[in-house]
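Each chain, written out:
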Amino acid sequence: MAPTENDIAIVGFAQTAPDRRTQLTEADLVLHATRAVIADVGIDKSEIGFTVSGSCDYLSGQAFSFVQNTDAYGMVPAINESHVEMDGAWALYEAYVRLLQGDIDVALAVGVGKNSNSDPSTLYTIEFDPYYLTPLGADTWSLAALQARALLDSGKATERDFADVVVRNRANAKSNPYAQVKGDYSADELLAADYVRNPLRLHDLPPTTDQAAAIILARGKRAYDLCERPAWITGIDHRIEPHLPTVRKDITTSVSTRLAAQGAGVGKGPIEVAEVHAPFGFQELIVTDALGLDASTEINPSGGALATHAVMVAGLIRMGEAANQITKNGKNRTLAHATSGPCLQQNLVCVLEGDQ
Amino acid sequence: MSHQPAAIVGIGQTHHKRKRADVSIAGLVREAAQRALEDANMDWGDIDAVVLGKAPDLFEGVMKPEMYLADALGAVNKPMFRVHTAGSVGGSTGIVGSHLVSSGRHKRVLSVAFEKQSEGNAQFALGGGKGASIGAGGAFAPFIRAYIRRSGAPEDIGWMVAVKDRLNGAKNPYAHLKLADITIDKVKESPMMWDPLHFLESCPSSDGACAVVFTDEDGGKKASKPPAWVLATAMKSEPGWYSGRDAVNPQAAHACAQEIYKAVGITNPREQIDCAELYVPFSWYEPMWLEAHEIAAPGEGWKMTQSGATALDGDFPVNMSGGVLSSNPIGASGLLRFAEAALQVRGLAEDHQVGGAKLAIAQAYGANAQFFAMWAVGSSLNPLG
C-alpha cells in the first residue's frame, strides 16, 4: 500500500530474556530492551521523536519508580517523553496518537515489569475498589476462578478445554526463544494436579516474570526506511467495563473486547494469526470468542501469556509478536490483544497488516 | 491532515480541602467531572473517551485506581486511559486528552486528574515509599538557594510570591487556602521549613480533582459558552542528575517553552502572552520559572515579582487562581494550572479574571525538576492576529 502521513506501522520489536527473578533493576531491563530495538531498526536514538513507557509503581514497590527507568533513554538533550501506569500496549497507543499529531515520524514504546518483587496473591488485592472489594482480600486468582467457574457452569467449556489451551500454548512456546514456560504435556497429566483456586490449577495461572519489551513505530513513508515490510496498524481500539465483575452482565463473555474488535475493524477480513493476552488459560476461550475468531486463525504461536507473563509487558509483547508475523514471517493480517484488570476488565485490540 | 484543532468547552474542579472526608475517591473525581460536563452543557453519554491522571498510586494506596474509577467517570464501554508522569502529570493528562481530539481519534474527550492525599501519607510516598523522606521542599531548597546566590535576589521575593498567590487564592471559590489577611510579616515570621522556605512559602497538602472537556473544531464553534483553543502542547524530560546539569535552570524547561513559542509564533513572551499559570509549589519557583521559560532574562525573573508585574493587576499576571501555593492535590495540580489558563482566555475566571486575556500559557513540572508539560491556549485559533 502507499502509506499516507496518517498510516503508522510497527517497524521494530525487542524483548529481554524473561526471568523468574532477575537481579537487574527495571532501568537495566528498559536499557537492554531499548538498545536492542534501536539496533534492530538501525537508527540513532536521536531520531526517536517521542518515547513512552508503561510500568507500575506497586510492582516496583516504590513510588515514582518510572523516574529512574527514564535514565535508560539518554535524555541529554531533553526528549519528548511520557509514561502510563498501564501495560506497554497502552504506551504504544499513546505513541500512536502522538505520531498522529503529524510533527514527528518515529516513536518508541516500552513496557517493563519486575513481577518477582511481590506475591501476586497479596499485591493484586489493592488493585480493586478500596472501600468494598479490597477489604475482602479477594485476589486476581480468586476472581479469575469465579470467572472460570461461571464459564464451566454456562456449559461453554470444560476443565479439559482449559487444559487443552495450556497444552497448546506450552507446545507453541517451544519454538519461542523468549518463553519461560514450555514443553510437551498431556491434558490428562495437567488435570491430575490439585486446584490452586478451584477450578483453576497451577498451569491455568500466569507465570511470574521479570521482563521488558520495546517497540518502534514509524509514520508514513518513513516506515520503509526502517523496515522492509512494516506491520501497518490498520485498526486499534481499547475499551473498559464495570470494575466489579458482578456488575457486568455476563463474565463468560468480554463486551469490551468485542467493542474494541469492532472499533479496530477485526471483521473486515480474515485474521491469520492472533496473539491473545490471556493471563489465565481459560480466558483465551472468552477472548477469542469475543474477537469473533474461528478455527482458521492460529492463536498464540508464541505460547502467549502462559509462556511469560510480566504484568505491564505481556500486552506489548503480543503487539510485537503479531508484528513479527508480518515483518519476519510473511503473514498479511494479524491481531494483537492486551488486557488489564480483574476478569478481563479492560481490553485493547490492534489489527496489523503487511503490504501485499 | 493529521493535526486538527481541539477546543476546551468544559472545566470543573472540586472544592479543594485538607481532607474531603465527605466523598470517596470516586465521589471526588465525579464532582469535578460533573462540573466540567455542566460547563460544557453535556451529559456523560456525550463523552467518547476518558483520560485519568494522578501522581503515584502510593498516595492513596490504590493500585491503578482507574480500573475502579471507570464506573464513576462514565467510562464503561469506552476507552479509558491512565497517565502518570510525576508532578507534571496533571499537565500531561490535559495534553493526552487534547491529542485524542487533535489526532481525529475522538470528538469529545474528558480528562480528569486527582489526588486524595488525606487517604494516605504523601510525605512517605514522596520519598519513594521507602521512608526517610526529605519531602519536596527539602529536595528543591538547594536549587532555590542556588538561584538566590546566582541572581542576587533580595530575600523578600519569596515572601512576596507567597502573599500574592494567597491573595489570588482568596478570590478563587475552589481554593484550599483562602488567606485574605496574609502579610509579608506573617510569611517571614512563619516557621522555617527548608532554608530559605518558610511554612507560608510552601504548598498545602490537598484533596481535590480537576476535569476538562475537549471537543473538535465543530464542537468548539457550537459551544454554548466561549471555548478555549489548544494552540500548542509540549512534554520534555531530562535526567534528574547528570554531569553539568543546571537544576536551577533546566534545559528541558527551556526546550519545552521554545517548542510552544515557536508553534504559536510567540517571539516576545512577556509582551505577547497575557497571563500564565506556572507550577509554583514553593514561592521562589515563580522567578525561577519566569527565567527558565524565557519570559524574563536570566537573573531578571525576581524583578518581575518585585515590581508587581506578576500580580493580578500587573502586566504579566502569574497564578491568577492562587496556584499550587493555594491548592495542591498533587496529581491534579498540573491540570488545575492548565484549566485556569483556559478559563482566563474563555473570560470565565470571575474575580480572578485578567481583563481581555486572549493568549495564556500553563506549565507543570515533576520529579527532580526534570519533567515539563506545557500548553498555550487562546480565545481564538490565532490570538496574535
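Conventions used here
Residues numbered from 1 in each chain as written. Chains lettered and ligands numbered in written order. Predicted model: local features only at pLDDT ≥ 70, side-chain atom pairs only at ≥ 80, totals over all residues. Helix = DSSP H or I, 4+ residues; strand = E, 2+ residues; numbered from the N terminus. Rg over C-alpha atoms; globule rule 2.2 N^0.38 Å. Buried ≥ 20, exposed ≤ 12 C-beta atoms within 10 Å, placed from the backbone. Contact = placed C-beta atoms within 7 Å. Nonpolar A, V, L, I, M, F, W, Y, C, P; charged D, E, K, R; others polar. Domains from an automatic or database assignment. pLDDT = per-residue confidence, 0-100. Core = buried A, V, L, I, M, F, W, Y, C linked by C-beta atoms within 7 Å. Expected span 1.5 Å × (residues − 1). Arc of directions from axis to C-beta. Pairing = 2+ DSSP bridges.

The helix and strand tally for chain B stands at 14 helices and eleven strands. In summary, chain B has a C-alpha radius of gyration of 19 Å against a globular reference of 21 Å for 385 residues, a match within 12%. With respect to the principal axes defined by its C-alpha atoms, chain B has extents near 55 × 50 × 45 Å. Of all 385 residues assigned to chain B, the portion counted as buried reaches 64%. Taking all contacts inside chain B whose residues are at least 6 apart in sequence as the whole, residues at least 24 apart take part in 79%.

Moving on, we get to the overall build of chain A. Each helix and strand counted, chain A has twelve helices and twelve strands in total. By the compact-globule yardstick of 21 Å for 356 residues, chain A fits well, its C-alpha radius of gyration being 19 Å. Once the C-alpha set of chain A is aligned to its principal axes, its extents read approximately 55 × 45 × 40 Å. Burial analysis of chain A (356 residues in total) assigns 62% to the buried set. For chain A, restricting intrachain contacts to residue pairs at least 6 apart in sequence, the fraction spanning at least 24 positions comes to 78%.

Once that is clear, we can look at the interface of chain A and chain B. The interface of chain A with chain B comprises 48 residues on the first partner and 49 residues on the second. Elements that contribute at least two residues to the side of chain A that touches chain B include exactly α2 (57-60), β3 (81-84), α4 (88-99), β8 (231-240) and α10 (255-264) of chain A. For the side of chain A that touches chain B, the class distribution of residues is 23 nonpolar, 14 polar and eleven charged.

With an omega of 0°, the peptide bond between Val76(A) and Pro77(A) qualifies as cis. Inspection of the secondary structure puts Pro77(A) in the loop between α3 (65-69) and β3. In this structure, the amide linkage connecting Asn198(A) to the following residue, Pro199(A), adopts the cis form with an omega of 10°. Looking at the element boundaries, Pro199(A) is found in the loop between β5 (195-197) and β6 (200-201). In this model, Asn77(B) sits at a positive phi of 70°, which is unusual for a non-glycine residue. On the secondary structure map, Asn77(B) appears in the loop between α2 (66-69) and β3 (80-83). Despite not being glycine, Ala86(B) shows a phi value in the positive range, around 65°. What makes Ala86(B) buried here is the crowd of 26 C-beta atoms within 10 Å.

Time to look at the domain arrangement of chain A. All names here are of chain A. On domain assignment, one finds that chain A holds domain 1 (8-119 + 208-230) and domain 2 (120-203 + 232-353). Between the C-alpha centres of domain 1 and domain 2 there is a distance of 22 Å. With 38 residues of domain 1 at the contact, the number on the domain 2 side is 31 residues. Every element with two or more residues in the side of domain 1 that touches domain 2 is listed here: β1 (8-15), α2, α4, β4 (106-114) and β7 (210-219). Looking at the side of domain 1 that touches domain 2, the element that brings in the most residues is α4, giving six residues. Among the residues forming the side of domain 1 that touches domain 2, the class breakdown is 22 nonpolar, eleven polar and five charged.

We now examine the environment of His293(B). Residues and elements named next belong to chain B. Mapping His-293 onto the fold places it in the loop between α11 (285-292) and α12 (301-307). Of the residues examined, His-293 has 24 C-beta atoms within 10 Å and is grouped as buried. Residues His-293 and Lys-221 lie 72 residues apart in sequence; the distance between their C-alpha atoms is 31 Å. Filtering out sequence-adjacent residues up to four positions away, His-293 remains in contact with Ala-253, Ala-257 and Gln-363.

What follows deals with the confidence of the model for chain B. Summarising the model, chain B shows a mean pLDDT of 96, and 98% of its residues fall at 70 or more. For this predicted complex, the interface score ipTM comes out at 0.97, alongside a pTM of 0.98.

Here the focus is the nonpolar core. Ala109(A), Leu217(A), Val112(B) and Val377(B) are the most contacted members of the largest nonpolar core, which totals 262 residues. In terms of residues, this core owes the most to one element, helix α14 (residues 330-346) of chain B, which gives ten residues. Each of two domains, domain 1 (8-119 + 208-230) and domain 2 (120-203 + 232-353) of chain A, supplies a minimum of three residues to this core. Non-local contacts of Leu217(A), meaning those with residues more than four positions away in its chain, are made with Ile8(A), Ala9(A), Ile10(A), Val11(A), Ala95(A), Tyr96(A), Leu99(A), Ala107(A) and Ala109(A).

Residue and element names in this part refer to chain B. The first and last C-alpha atoms of helix α9 (residues 251-264) sit 20 Å apart over 14 residues, in line with the 20 Å expected at 1.5 Å per residue. Buried residues of α9: Ala-252, Ala-253, Cys-256, Ala-257, Ile-260, Tyr-261 and Val-264, and no others. Buried positions in α9, seen along its axis, are confined to an arc of 170° and lie on one side of it. Tucked inside the fold, the buried residues of α9 contact β8 (228-237), α10 (269-272), α11, β10 (359-366) and β11 (371-378).

Here the focus is the pairing of β4(A). All names here are of chain A. Counting buried positions over the nine residues of β4 gives nine, a clear majority of the element. Residues Val-106, Leu-108, Val-110, Val-112 and Lys-114 point to one face of β4 and Ala-107, Ala-109, Gly-111 and Gly-113 to the other, with burial holding for every one of them. In the sheet, β4 pairs with β7 via nine bridges, with the strands oriented antiparallel. In the sheet register, Ala-107 faces β7, and the bridge partner there is Leu-217.

On to α4(A). All names here are of chain A. Helix length check: α4, at twelve residues, gives a terminal C-alpha distance of 16 Å against a target of 16 Å (1.5 Å per residue), a fit within 8%. Across the twelve residues of α4, twelve count as buried, placing the element largely inside the fold. By the burial criterion, the buried members of α4 are Gly-88, Ala-89, Trp-90, Ala-91, Leu-92, Tyr-93, Glu-94, Ala-95, Tyr-96, Val-97, Arg-98 and Leu-99.

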